[in-house]
Amino acid sequence: MMKLTFLGTCAGTEPQAWGHHSALIIAIADRLYWFDVGETAAYTAHLLGYDLLKTEAIFISHTHMDHIGGLPYLLWNLRKLNLPYMPQAGAIDGRRIRLFIPDVTVWQGIAQLLRGTEGNFELAFQIEVAKPHDGLFFANDDIQVSGFHNRHMGTPADGVWRSFSFQIRHGTTTLVYSGDIEAVEELLPLLPNCDLLLIETGHHSVEAVCTRLAAEPQFTGAVYFTHNGAEIRAEPIQMLLLARKILGDRVYIARDGMTIVV
Ligand SMILES: [Zn+2]
């Protein structure tokens, strides 16, 4: 069983009453997995009752601000919650938390920022940093995560892809998290076994997304719109009705705090 909570469902805009920037948390058994960490994500999760110290791994689709703005705060909070004077003192001493981030120079900047705060950001636990890549790159007893590069950040001159969609497998359930994509077509290879598609609408019209998905008869999974753009923010009900006219009642519009269990 996986419990998913959308912590932020807004596209990368200026501050919006609609919601916060992209962040998704998946709880499996006693462990937490993060998929993008937009501003306030850790704070929101903490207030929702998630125990941040259960964090096992963090997956960043690409290093745009609306996907990483909350990353320093997540790591900062982990350190704080684990300090000797806290109720859960030392709970993650010696543990290894995995961070997958496509651009390691951005991580170096975040690490520098963290070291500039109190205590030189010295930790009793380890943050192991690596880049996601195409194919399976993370697996444990809970999940298997595979990367599929996309062209949201263009085609890199150096051949190193910096934007990814993720396929997440847990038992017999397969979930796809689009990250930000250049075109819906980039997700087509991921659709045949997909039970749950979490797809951004920040760069694509609802009608175009639904029409493209409807043209893939082998894809029968549920669809959650996230990283929502101006169209959905302005007219959520009309957009949901339009989407359901094309794809049926398996489509939902994710909102901040929405939790689903699969
Ligand atoms: Zn974005």
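Residues take numbers from 1 onward in each chain, read along the sequence in its written order. Residues qualify for local features only when their pLDDT is at least 70, as the model is predicted, and side-chain atom pairs are given and counted only at 80 or more; totals for whole chains, interfaces and linings, by contrast, use all residues. Side-chain numbers come from the whole structure's heavy atoms, not from hydrogens or water.

A. Focus on helix H3 (residues 71-81). Where burial is concerned, most of H3 is hidden: nine out of the 11 residues are buried. Burial classes: relative accessible area under 20% of the type maximum marks a residue as buried, over 50% as exposed, and values in between as partly exposed (1.4 Å probe, protein chains only). Secondary structure elements follow DSSP: runs of H or I of four or more residues count as helices, runs of E of two or more count as strands, with numbering from the N terminus. Taken together, the buried positions of H3 are occupied by Leu71, Pro72, Leu74, Leu75, Trp76, Asn77, Leu78, Arg79 and Leu81.

B. Structural view of the sheet that holds strand E9 (residues 164-170). At least two bridges found by DSSP between two strands is the condition for calling them paired. Taken in spatial order, the seven strands line up as E7-E8-E9-E10-E11-E12-E13 in an open sheet, and their pairing is mixed. Looking at the sheet topology across the chains shown, the edges are occupied by strand E7 (135-139) and strand E13 (251-253). Each neighbouring strand pair of the sheet contributes to a mean axis angle of 20 degrees, computed without reference to strand direction. Relative to E13, strand E12 (residues 222-226) runs parallel, the two being bridged by three bridges. In the strand pairing of E13, phenylalanine 225 is matched with isoleucine 253. This element, helix H5 (residues 206-214), spans strand E11 (196-200) and E12 of the sheet and lies at about 155 degrees to E12. A fitted line through C-alpha atoms serves as each axis, taken over the contacting stretch for helices, and the angle formed by two N-to-C directions is quoted from 0 to 180°. We call two residues in contact whenever any of their non-hydrogen atoms come within 4.5 Å of each other.

C. Seen up close, helix H4 (residues 104-115). Residue count minus one, scaled by 1.5 Å, sets the expected span of a helix. Between its terminal C-alpha atoms H4 stretches 16 Å, which fits the 16 Å expected from 12 residues at 1.5 Å a residue. Within H4, the full set of buried residues consists of Trp107, Ile110, Ala111 and Leu114. Along H4, the residues classed as buried sweep out an arc of 100 degrees about the axis, all on the same side. Exposed residues pointing more than 90 degrees away from the buried face of H4 are listed as Thr105 and Leu113. Those residues of H4 that are buried are in contact with helix H2 (65-68), H3, strand E5 (96-100) and strand E6 (126-130). This arc describes the spread of directions from the helix axis toward the C-beta atoms.

D. A look at the packing of aromatic side chains. Any Phe, Tyr or Trp ring, taking Trp's six-membered ring, that has another such ring centre within 6.5 Å forms a pair; planes under 30 degrees apart are called stacked, those over 60 apart edge-to-face, and the others tilted. Applying the stated rule across the entire model yields 13 aromatic pairs. Taken together, a centroid distance of 6.3 Å and an interplanar angle of 65 degrees make the contact between tyrosine 33 and phenylalanine 138 edge-to-face. Here tyrosine 33 is found in strand E3 (residues 31-37), whereas its partner phenylalanine 138 is found in strand E7, with 105 residues between them in sequence. For tyrosine 33, a relative accessible area of 0% puts it in the buried group. Centroid distance phenylalanine 59 to phenylalanine 166: 6.2 Å. Interplanar angle 65 degrees. Geometry classified as edge-to-face. With phenylalanine 59 in strand E4 (residues 55-59) and phenylalanine 166 in strand E9, the pair connects residues that are 107 residues apart, well separated along the chain.

E. Molecular detail of the nonpolar core. Grouped together as the largest cluster of nonpolar side chains are 33 residues, with contacts concentrated most on Trp34, Ile58, Leu71, Leu75 and Leu78. Among the secondary structure elements, those contributing two or more residues to this core are strand E2 (23-28), E3, helix H1 (41-47), H3, E5 and H4. The greatest single-element share of this core, amounting to six residues, is contributed by H3. In contact with leucine 75, not counting residues within four places along its chain, are Ile58, Trp107, Leu114, Phe121 and Ile127. Take the buried residues of types Ala, Val, Leu, Ile, Met, Phe, Trp, Tyr and Cys, join any two whose side-chain atoms come within 4.5 Å, and each joined set is a nonpolar core. Counting 26 residues, the second largest nonpolar core, distinct from the first, contains Leu4, Ile143, Phe166 and Ile260.

F. Structural detail: the pattern of salt bridges. Here, a salt bridge means any side-chain nitrogen of Lys or Arg that lies within 4 Å of a carboxyl oxygen of Asp or Glu. If you walk through the whole model with that rule in mind, you get 14 salt bridges. Between arginine 31 and glutamate 56 there is a salt bridge whose closest N-O contact spans 3.8 Å. Linking arginine 31 in strand E3 with glutamate 56 in strand E4, this pair joins segments that are 25 residues apart in sequence. For glutamate 56, a relative accessible area of 18% gives the class buried. Here lysine 80 makes a salt bridge to glutamate 118, at a shortest N to O gap of 2.5 Å. In this pair, lysine 80 is assigned in helix H3 and glutamate 118 in the loop between H4 and E6, connecting sequence segments 38 residues apart. Shared partners join several salt bridges into a network, and the residues in it are Arg31, Glu56, Arg95 and Asp142.

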